[in-house]
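# Understanding the architecture of this molecule
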Amino acid sequence: QVQLVESGGGLVQAGGSLRLSCVASGRFFSFNVLGWYRQAPGNQRELDATITTGGNTNYADSVKGRFTIFRNNAENTVDLQMNSLNPEDTALYYCYAEAYSATLYGNYDYWGQGTQVTVSS
């Protein structure tokens, strides 16, 4: 089974920065895509950023120029550096992985438990 363990959420003032980290693990799994999504109360879960094993990135328009995603393939970690935060960024942030199972011969989606980010005005 795959485990995604997140850290780094918290409370920050508008204009501040936070860095989220996630460690992915799972025996007989490789991680094609790692990323971060957010979900604010009453809203659907939405993309912030993803990154492939090869380093290709995809960002939501709302975070381009403010957020940067990093990945360490050797350690199966993915970080999200968030700058110029505003109150609209307040949400529960989830680590995401598209993982390939070497025993089941397929790709599967996994989610972390979520880490809260709150931006005060």
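Below, the structure is looked at part by part. Note that the coordinates shown come from a computational prediction; the quantities given were computed from them, not determined experimentally.

Attention shifts here to the state of the cysteines. All told, the structure shown has one disulfide when counted by the stated rule. The disulfide that involves C22 links it to C95, with 2.1 Å between the sulfurs. Between C22 and C95, the S-S torsion sits near -85 degrees, and that sign places the bridge as left-handed. With a gap of 73 residues between them, C22 in strand 3 (residues 18–25) and C95 in strand 9 (residues 91–101) connect regions that are remote in the sequence. On the basis of relative accessible area, C22 is assigned to the buried category, the value being 1%.

Following the criterion strictly, the structure yields four aromatic pairs and no others. Aromatic pair Y37 and Y96: ring centres 5.5 Å apart, planes at 65 degrees, arrangement edge-to-face. With Y37 in strand 4 (residues 29–39) and Y96 in strand 9, this residue pair connects regions lying 59 residues apart in the sequence. Consider the rings of Y96 and W111, whose centres lie 5.0 Å apart with planes at 50 degrees: the pair is tilted.

Tracing the backbone shows T57 in strand 6 (residues 57–59). Dropping the residues within four chain positions of it, T57 is found in contact with T50, I51 and I69.

By size, the foremost hydrophobic cluster in this structure holds 31 residues, and its most contacted members are W36 and M82. At five residues, the largest contribution of residues to this core is made by strand 9.

For the rest of this paragraph, the subject is the pattern of salt bridges. Scanning all chains against the criterion turns up five salt bridges. D89 serves as the salt-bridge partner of R38, at 3.2 Å between the closest nitrogen and oxygen. Of this pair, R38 sits in strand 4 while D89 sits in the loop between strand 8 (77–82) and strand 9; the two residues are 51 residues apart in sequence, bridging distant segments of the chain. The exposure class assigned to D89 is buried, which follows from its relative accessible area of 2%. The salt bridge partner of D89 is R66, with a shortest N-O separation of 2.8 Å. Taken as a pair, D89 in the loop between strand 8 and strand 9 and R66 in the loop between strand 6 and strand 7 (67–72) lie far apart in primary sequence, 23 residues in all. With relative accessibility at 15%, the residue R66 sits in the buried group. A cluster of three or more residues bridged by salt bridges with shared partners is formed by R38, D48, R66 and D89.

Conventions we followed
Sequence order as written defines residue numbering, which begins from 1 separately in each chain. The predicted origin of the model limits local features to residues at a pLDDT of at least 70 and limits the giving and counting of side-chain atom pairs to 80 or more, whereas totals for whole chains, interfaces and linings rest on all residues. With hydrogens and water excluded, all non-hydrogen atoms of the structure serve as input to the side-chain values. Here, two cysteine sulfur atoms that lie within 2.5 Å of each other are counted as a disulfide. Under the DSSP-based scheme used, a helix requires at least four consecutive residues in state H or I and a strand at least two consecutive residues in state E, with every element numbered from the N terminus. Relative accessibility under 20% of the residue-type maximum defines a buried residue, over 50% an exposed one, and the middle range a partly exposed one, all with a 1.4 Å probe and only protein chains included. A pair of Phe, Tyr and Trp rings is counted when the ring centres sit within 6.5 Å of each other, with Trp represented by its six-membered ring. The angle between the planes then sorts it: under 30 degrees is stacked, over 60 is edge-to-face, the rest tilted. Contacts were defined at the residue level, with two residues in contact if any of their heavy atoms lie within 4.5 Å. The set of buried Ala, Val, Leu, Ile, Met, Phe, Trp, Tyr and Cys residues whose side-chain atoms join them within 4.5 Å is what this entry labels a nonpolar core. Here a salt bridge means any side-chain nitrogen of Lys or Arg lying within 4 Å of a carboxyl oxygen belonging to Asp or Glu.

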